[in-house]
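What follows is the residue order along each chain.
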Amino acid sequence: MTLRTGNRQAAVLLARMRRTTEHGARYPILAQLRDFGPVFRIWRGVVVLGYPEVAEVLRDTDRFGPPTPARRDVVQPGWRDHPAALLSADLVTLKGTGHRAARSAMHRALARTLGEDFEARVEDRIDQATERLAAEFSRTGSVEVMETVVEPFVAGVFADLFGVSATDTEAVLPSAWAFAKVIDEAPQLLDDEAAGTLLDFATRAAGSGSPMEGLSPAEVVGVVGPGLVNLTGAVGSLIQTLDQFPDQREDLLSGSIAPGDIVEELLRYDAPAHGTVRVAGEDVELGGIPLTVGEAIIVLTAAANRDPAHWVDPDVFRPARPGLARALTFGYGTHSCLGQSLVRVVLSRLPAGLYHRFPTMRVTEPPVVRPALLRNHLSRLVLEAT
Ligand code: HEM
């Protein structure tokens, strides 16, 4: 296969992956993309799929740095004059001492709120969500849960984190989604309305007396944007995956599988974040492909998490499989996810609350995901409980 033909075929597959709304359809496409190698060239950059290559890129922020504002000056001159430019102080786009300072401030703010009290609040939010679901089931029988239950539930969890009302937090979700898409699919800018909604929310959330006091609004947006949408996506995936694997669900409810084992495998098998973006920090070779400084790198963590050279039977959902601690779902090293403890608290407590109350609950329609290259977020999930 010539490079040009291969490149075109890979581009078609990536475009299909970005467009699909069918849940799970991205994984067979990722498997096809492996034919082009663990790293392959596309457009004006490269795509990385192999486990060791993805780990190498995430680990080495000097050779493969985040897409910084300086990089954006090159690909999108004039962007700093736009009202949404303020939002580009997002943590993932920072480097060096600036990043370390902002990261440790955010880490401290999150740690302050993630004590025992927070776990009790999560339990309360789960109780509220199951009550709401019970009311919806008795009203209509069949419920689309993402909008009616999952989004308000996650908004409630974040409201507790930020000291803001759940209604306000839910109202910011569409803008958080738009923001996450902009981070993934730059260089277009977030529209003024979404940017304004996010900044207004973040300014209140960072206000005096709030758990996030001391962070800048832009830093709060860096938590609320991807955090809110990823947690929503993860809760949807958890419900969908437990539906697909009723035996494991039974084992979970009977106590023969620990919730943590289900959660870790879920995060490998069907994570809400499928990748991230990096830029070559110097002329460098990756997986035998030469890159020039400034070239874009699409890093597919979902592909690494199913790399058959690294995992035994990667497409099988197998809780407690060996090596799960090395899954790359939350990134790696300097920029690894600051929300991972919160995610684990929420996901490991949810199934007991949900399935003890609705043991016969089932997904009744093919679930729908939002079209996106680097996210895997259900937008529609219909359930029935008899
Ligand atoms: C299952 C859900 C989630 C997944 C799969 C996920 C995934 C990721 C990944 C892959 C990164 C690294 C990005 C990169 O290196 O370019 C990241 C960073 C980050 N995540 Fe998450 N995330 C999730 C939930 C959350 C939540 C709930 C929060 C907030 C409470 C959060 C806050 C952050 C922050 C602040 C960063 C930036 C860290 C830095 O650059 O130093 N995430 N996340």
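Below: a short report on this structure. Predicted model, so just to flag it, every value in this text is computed and none were measured. (Residues numbered from 1 in each chain as written. Predicted model: local features only at pLDDT ≥ 70, side-chain atom pairs only at ≥ 80, totals over all residues. Heavy atoms only, no water.)

Brief notes about the overall build of the chain
Rules: Only DSSP runs of H or I with at least four residues qualify as helices, and only runs of E with at least two residues qualify as strands; both kinds are numbered from the N terminus onward. Radius of gyration means the value over C-alpha atoms here, while the globule rule gives 2.2 Å times the residue count to the 0.38 power. Burial classification: accessible surface area is computed with a 1.4 Å probe over protein chains only, and a residue below 20% of its type maximum counts as buried, one above 50% as exposed, and the rest as partly exposed. Any pair of residues with heavy atoms lying within 4.5 Å of one another is described as a contacting pair. Calculation of accessible area relied on Shrake-Rupley with a 1.4 Å probe; when residues are assessed, cover is drawn exclusively from the protein chains displayed. Counted charges follow a simple rule, with Lys and Arg positive, Asp and Glu negative, and His plus the chain ends left uncounted. Where a charge lies is defined by one atom per residue type: Lys uses NZ, Arg uses CZ, Asp uses CG and Glu uses CD.
In terms of regular secondary structure, the chain is built from 15 helices and 12 strands. The C-alpha radius of gyration of the chain comes to 21 Å, within 12% of the 21 Å expected for a compact globule of 386 residues. Overall size of the chain, expressed as C-alpha extent along the three principal axes, is 60 × 50 × 35 Å. Relative to its 386 residues, the chain shows a buried fraction of 54%. Of all intrachain contacts in the chain linking residues separated by at least 6 positions in sequence, the fraction that spans at least 24 positions is 72%. About 16300 Å² of surface is accessible on the chain, with carbon and sulfur atoms providing 53% of the total. Mean positive and mean negative side-chain charge positions of the chain (39 and 48 charges, respectively) differ by 5 Å.

Here's the deal with the site of the ligand
Using the following cut-off: Any residue with a heavy atom positioned within 4 Å of a molecule or strand is treated as near that molecule or strand. Identification of polar contacts relies on pairs of N or O atoms within 3.5 Å, with a donor-acceptor requirement for protein atoms, meaning one able to donate a hydrogen and the other able to accept it, and with residues adjacent in sequence counted only if both atoms are side-chain atoms.
Lining the immediate surroundings of the ligand are 27 residues, of which His-99, Arg-103, Thr-276, His-335 and Cys-337 lie closest. The separation between an oxygen atom of the ligand and a polar side-chain atom of Arg-103 is 2.7 Å. His-335 has a polar side-chain atom sitting 2.7 Å from an oxygen atom of the ligand. Those elements that place two or more of their residues in the shell around the ligand are helix 5 (96-113), helix 11 (217-244), strand 5 (276-280) and helix 15 (340-357).

What about the coordination of the iron atom of the ligand?
Heads up, the rule is: For Na, K and Ca the donor cutoff is 3.2 Å, while for all other metals N, O and S atoms must lie within 2.8 Å; water is not among the atoms, so some sites may look incomplete.
Coordination of the iron atom of the ligand by the protein involves just one donor, Cys-337 (SG), at a distance of 2.3 Å. The residue Cys-337 is located in the loop between helix 14 (301-304) and helix 15 in this model.

A word on unusual backbone geometry
The backbone of Asp-313 shows a phi angle near 45°, a positive value even though the residue is not glycine. By secondary structure assignment, the location of Asp-313 is in the loop between helix 14 and helix 15. Phi angles above zero are rare outside glycine, and Ala-320 is one such case at about 70°. Within the fold, Ala-320 resides in the loop between helix 14 and helix 15.

As for the packing of helix 11 against helix 12 (residues 246-254)
Our working definition: Angles shown run from 0 to 180 degrees and are taken between the N-to-C directions of axes, each axis being a line fitted to C-alpha atoms and, for helices, limited to the stretch in contact. Note on terminology: angles under 35 degrees are roughly parallel, angles over 145 are roughly antiparallel, angles of 65 to 115 are roughly perpendicular, and the others are oblique. Residues are grouped as follows: Ala, Val, Leu, Ile, Met, Phe, Trp, Tyr, Cys and Pro are nonpolar; Asp, Glu, Lys and Arg are charged; every other residue, Gly included, is polar.
The N-to-C vectors of helix 11 and helix 12 enclose an angle of 105°; their axes lie 5 Å apart at closest approach. In terms of orientation, helix 11 lies roughly perpendicular with respect to helix 12. Packed against helix 11, whose contacting residues are Leu-242, Asp-243 and Gln-244, the element helix 12 presents Pro-246, Arg-249 and Leu-252 at the interface. Within the contact of helix 11 with helix 12, the residues separate by chemical class into three nonpolar, one polar and two charged.

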